[in-house]
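Each chain is listed here by its residues.
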Amino acid sequence: MGNRTVRDATRELLRNLGLTTVFGNPGTTEVAFLTDWPDDFTYVLGLQESAVVAMADGYAQATRKPVLVNLHSAGGVGHSLGHVFTAFRNRSPLIVLAGQQTRSLLPDEPFLGAVQAVDFPKPYVKWSIEPARAEDVPAAIARAHHVATQAPQGPVFVSVPVDDWDREATMPLPSGHRVPGFAPDPDALAELAAALDGAERPALVVGASVDAEGAVPELVALAEKLGAGVWVAPMSSRCSFPEDHELFLGFLRPERRAVADALEAHDLVVVLGAPAFTYHIYRGEPETALPPMHVISDDEQVLARVAIGTGIRSTSKLAIRALAERVRPAGRTVAPRAPRRAKPAEVTPISPDYAYSVVADLLPDNTIVVEETPSHRSSMHDHLPITATDTGFLTVASGTLGYGLPAAVGAAMGRPDRKVVAVLGDGSSMYCVQALWTAAREHVPVTFVILDNAQYAAVRILGENAGGRKMPGTELGGIDFAQLARSMGCTASTVEQPGELRPALAAALASAGPSLVHVKVDPNPQTIY
């Protein structure tokens, strides 16, 4: 029996860490890692590295577990960086393991070598390393897992020269573990609890971290005890409060004046698991000041950016639990929000409002909704309320297009017990449309709904709102998404008339495998925000 190799030790470590599902796109610098692939490991193949990372991101978010991503040296890592940035903004615990050329060739900058491999993915990884010695590879991966899964979570990067895998493993196998969250400072918590007890019109503003930690039920209980209305933070990438709850107040828009106007009625605001605040457009400074605020976050950088108010460092779930124990029950009443808009009419061309309303009507219970329709997000807010309290909704936090389609595939693989419905724009879908092949190969129960307005509408709208005219580079059209999907093994249909949408979507939802509905919608979208 031969010596135990670095490859052997690493595979044992990956088993111990629960990292036996690997998302990847291999190259020659990965051959030594992949050779004699174990039967108890799963390799999920994607056809482009950006799609691979987004699939892994969706998987990690849906399962709330870290995942290993295997990429090819410089070229493959380069392809992936758009969604490494997304994973960083999504705070997804991805361990990105990339190949590197043979150590003896590195001084000559060889073909397929990664120059300054450790620096390439920075600053959008929490930690990055190329181990100094082959025998240090398992320890580097164990540390990467440790860093990725500590709050605030995020991607990490490990570059491994191809000849390291066959070297003898001489170091003891490291142990891996996840560090639990941390609670708020008791004095800071007491100050916040006293402020809440004395407030007349408090509000909570919730972000993605609440749902990421599985704390939505605790948040609902806290809001009910306080009698406090709940806003969704601008650009939040998850649903952290059920949108059919009587205390739900709506969505803050990513613009300073709009946020100030929405929060003006409150005498105290507590921000949980979100920055205060994420903005996308600038329309001048607000005329009204923000109310007194407390911002609870596990990220010291978020707290350092808080311009006003008091920062409290804590993970969301422990802060919510601690607050719920300290505050007094309140008899406050919250003014009812405006009723939801009336059901949209059946018109031709199909309106995005109508498309979303049909999705809402047919959505199975406990569905995971993945969304990437930047120009139609207001339609989703108006006509597709997210009510699930466990990963009910996923979208991209970074703004990098192409996340939704592959993320839906990864989410479905991570939660095979649940239906996944992805509602996507035509422009964003084309960035990682190759993920349809993986969906068919893995036979995942995803329904893809493509809202095709034949343009990059968000760019056009924001350009026109800023006074621009004749915007180039925004016109699309002529893409047959149904034919594309069928060519990669998915069932598909195209809808142009409103009466066709309901039966087409019902048939897609009934499919046990991946199915796509291509919906041609009105090419004249509304203002975004």
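Just above sits the structure.
This write-up is about the structure you can find in this document.

Cut-offs and rules
- Residues numbered from 1 in each chain as written.
- Predicted model: local features only at pLDDT ≥ 70, side-chain atom pairs only at ≥ 80, totals over all residues.
- Heavy atoms only, no water.
- Phe/Tyr/Trp six-rings, centres within 6.5 Å; stacked < 30°, edge-to-face > 60°.
- Buried < 20%, exposed > 50% of the residue type's maximum accessible area, 1.4 Å probe, protein only.
- Helix = DSSP H or I, 4+ residues; strand = E, 2+ residues; numbered from the N terminus.
- Arc of directions from axis to C-beta.
- Contact = heavy atoms within 4.5 Å.
- Salt bridge = Lys/Arg side-chain N within 4 Å of Asp/Glu carboxyl O.
- Pairing = 2+ DSSP bridges.
- Axes fitted to C-alpha atoms, helices over the stretch in contact; angles between N-to-C directions.
- Core = buried A, V, L, I, M, F, W, Y, C linked by side-chain atoms within 4.5 Å.
- Parallel < 35°, antiparallel > 145°, perpendicular 65-115°, else oblique.
- Left-handed = near helix turned anticlockwise from the far one by under 90°.
- Nonpolar A, V, L, I, M, F, W, Y, C, P; charged D, E, K, R; others polar.
- Expected span 1.5 Å × (residues − 1).
- Polar contact = N/O pair within 3.5 Å; in protein donor to acceptor, adjacent residues only side chain to side chain.

A few points about the packing of aromatic side chains
To describe a pair of aromatic rings, one takes the distance between the centres and the angle between the planes.
For step 1, the next point in the chain: Applying the stated criterion to the full structure yields eight aromatic pairs.
For step 2, the next point in the chain: When the centroid spacing of 5.9 Å and the interplanar angle of 75° are considered together, the rings of Phe 33 and Trp 37 count as edge-to-face.
For step 3, the next point in the chain: For Phe 33, a relative accessible area of 3% gives the class buried.
For step 4, the next point in the chain: Ring centres of Phe 85 and Tyr 124 lie 4.6 Å apart, and the angle between their planes is 65°; this geometry places the pair in the edge-to-face category. Within this pair, whereas Phe 85 is found in helix 4 (residues 73–90), its partner Tyr 124 is found in the loop between strand 4 (94–100) and strand 5 (128–129), the two being separated by 39 residues in sequence.
For step 5, the next point in the chain: Three or more aromatic residues joined by ring pairs make a cluster, and in this case those are Phe 33, Trp 37, Phe 41, Tyr 43 and Trp 165.

Re helix 8 (residues 216–226)
For step 1, the next point in the chain: Taken together, the buried positions of helix 8 are occupied by Val 216, Leu 219, Val 220, Leu 222, Ala 223 and Leu 226. Down the axis of helix 8, the smallest arc covering the buried residues is 165°, so these residues share one side.
For step 2, the next point in the chain: Looking at the packing, one finds that the buried side of helix 8 touches helix 6 (186–198), strand 7 (202–206), helix 7 (208–212), strand 8 (229–232), strand 10 (268–272) and helix 11 (316–326).

Concerning the pattern of salt bridges
For step 1, the next point in the chain: Per the stated rule, a full pass over the model turns up 25 salt bridges.
For step 2, the next point in the chain: Here Asp 211 makes a salt bridge to Arg 64, at a shortest N to O gap of 3.5 Å. Here Asp 211 is found in helix 7, whereas its partner Arg 64 is found in the loop between helix 3 (49–63) and strand 3 (67–71), with 147 residues between them in sequence.
For step 3, the next point in the chain: Among the residues examined, Asp 211 registers a relative accessible area of 0% and is labelled buried.

Quick word on the sheet that holds strand 4
For step 1, the next point in the chain: In space, the six strands of this open sheet follow the order 2-1-3-4-6-5, with parallel pairing throughout. Looking at strand neighbours, the two that pair on one side only are strand 2 (42–45) and strand 5, the edges of this open sheet.
For step 2, the next point in the chain: Relative to strand 2, strand 1 (residues 21–24) is paired through four bridges, and the arrangement is parallel. When the sheet's bridge partners are listed, Phe 23 is paired in strand 2 with Val 44.
For step 3, the next point in the chain: Relative to strand 3, helix 3 is tilted by about 175°, and along the sheet it contacts strand 1, strand 3 and strand 4.

A few points about the nonpolar core
For step 1, the next point in the chain: The biggest cluster of nonpolar side chains holds 52 residues, and the ones touching the most others in it are Phe 23, Val 69, Leu 94, Val 370, Leu 436, Phe 448 and Leu 516.
For step 2, the next point in the chain: With eight residues, helix 3 is the largest single contributor of residues to this core.
For step 3, the next point in the chain: In this structure, Ala 193, Val 216, Val 232 and Leu 272 belong to the second largest nonpolar core, which totals 32 residues.

Remarks on the environment of Ala 338
For step 1, the next point in the chain: Structurally, Ala 338 is set in the loop between helix 11 and helix 12 (352–362).
For step 2, the next point in the chain: Residues Ala 338 and Tyr 124, 214 residues apart in the sequence, show an inter-C-alpha distance of 40 Å.

Looking at the sheet that holds strand 15 (residues 420–425)
For step 1, the next point in the chain: Spatially, six strands are ordered 14-13-15-16-18-17 in an open sheet, and the strand pairing comes out parallel. The strands lining the two open edges of the sheet, one partner per strand, are strand 14 (393–394) and strand 17 (491–495).
For step 2, the next point in the chain: Judged from the five bridges that link them, strand 17 and strand 18 (residues 515–520) form a sheet pairing that is parallel. In the strand pairing of strand 18, Ser 493 is matched with Val 517.

Some remarks on the packing of helix 8 against helix 11
For step 1, the next point in the chain: The contact between helix 8 and helix 11 brings their axes to 9 Å, and the two run at 30°. When the axis of helix 8 is compared with that of helix 11, the two are roughly parallel. Between helix 8 and helix 11 lies a crossing whose hand is left-handed. Side by side, helix 8 and helix 11 meet where Glu 218, Leu 219, Leu 222 and Lys 225 of the first sit next to Lys 317, Ile 320, Arg 321, Leu 323 and Ala 324 of the second.
For step 2, the next point in the chain: A per-class count over the contact of helix 8 with helix 11 returns five nonpolar, no polar and four charged.

Things to note about the environment of Val 118
For step 1, the next point in the chain: Relative to the helices and strands, Val 118 is located in the loop between strand 4 and strand 5.
For step 2, the next point in the chain: Separated by 10 residues in the primary sequence, Val 118 and Ser 128 have C-alpha atoms spaced 5.5 Å apart.
For step 3, the next point in the chain: Non-local contacts of Val 118, meaning those with residues more than four positions away in its chain, are made with Ser 128, Ile 129 and Glu 130.

Section: the packing of helix 1 (residues 6–17) against helix 5 (residues 137–148)
For step 1, the next point in the chain: At a minimum axis distance of 9 Å, the contact between helix 1 and helix 5 shows a crossing angle of 20°. On the basis of their axis angle, the class for helix 1 and helix 5 is roughly parallel. The chirality of how helix 1 crosses helix 5 is right-handed. Contacts between helix 1 and helix 5 involve Val 6, Ala 9, Thr 10, Leu 13, Leu 14 and Leu 17 from the first element and Val 137, Pro 138, Ile 141, Ala 142 and His 145 from the second.
For step 2, the next point in the chain: Split into classes, the residues belonging to the contact of helix 1 with helix 5 amount to nine nonpolar, two polar and no charged.

A short note on helix 6
For step 1, the next point in the chain: Over its 13 residues, helix 6 runs 18 Å from end to end, which matches the ideal 18 Å to within 8%, given 1.5 Å per residue.
For step 2, the next point in the chain: Burial in helix 6 covers these residues: Ala 188, Leu 189, Leu 192, Ala 193 and Leu 196. The arc that holds the buried residues of helix 6, viewed along the axis, is 135°, so those residues lie on one side. In helix 6, the exposed positions that point more than 90 degrees away from the buried face belong to Asp 187 and Gly 198.
For step 3, the next point in the chain: Looking at the buried residues of helix 6, the elements they touch are strand 7, helix 8, strand 10, strand 11 (293–297), strand 12 (310–313) and helix 11.
For step 4, the next point in the chain: Structurally, the start of helix 6 carries an N-cap: the backbone nitrogen of Asp 187 is 3.1 Å from a side-chain oxygen of Asp 185.

Distances and angles like these do not, on their own, reveal function.
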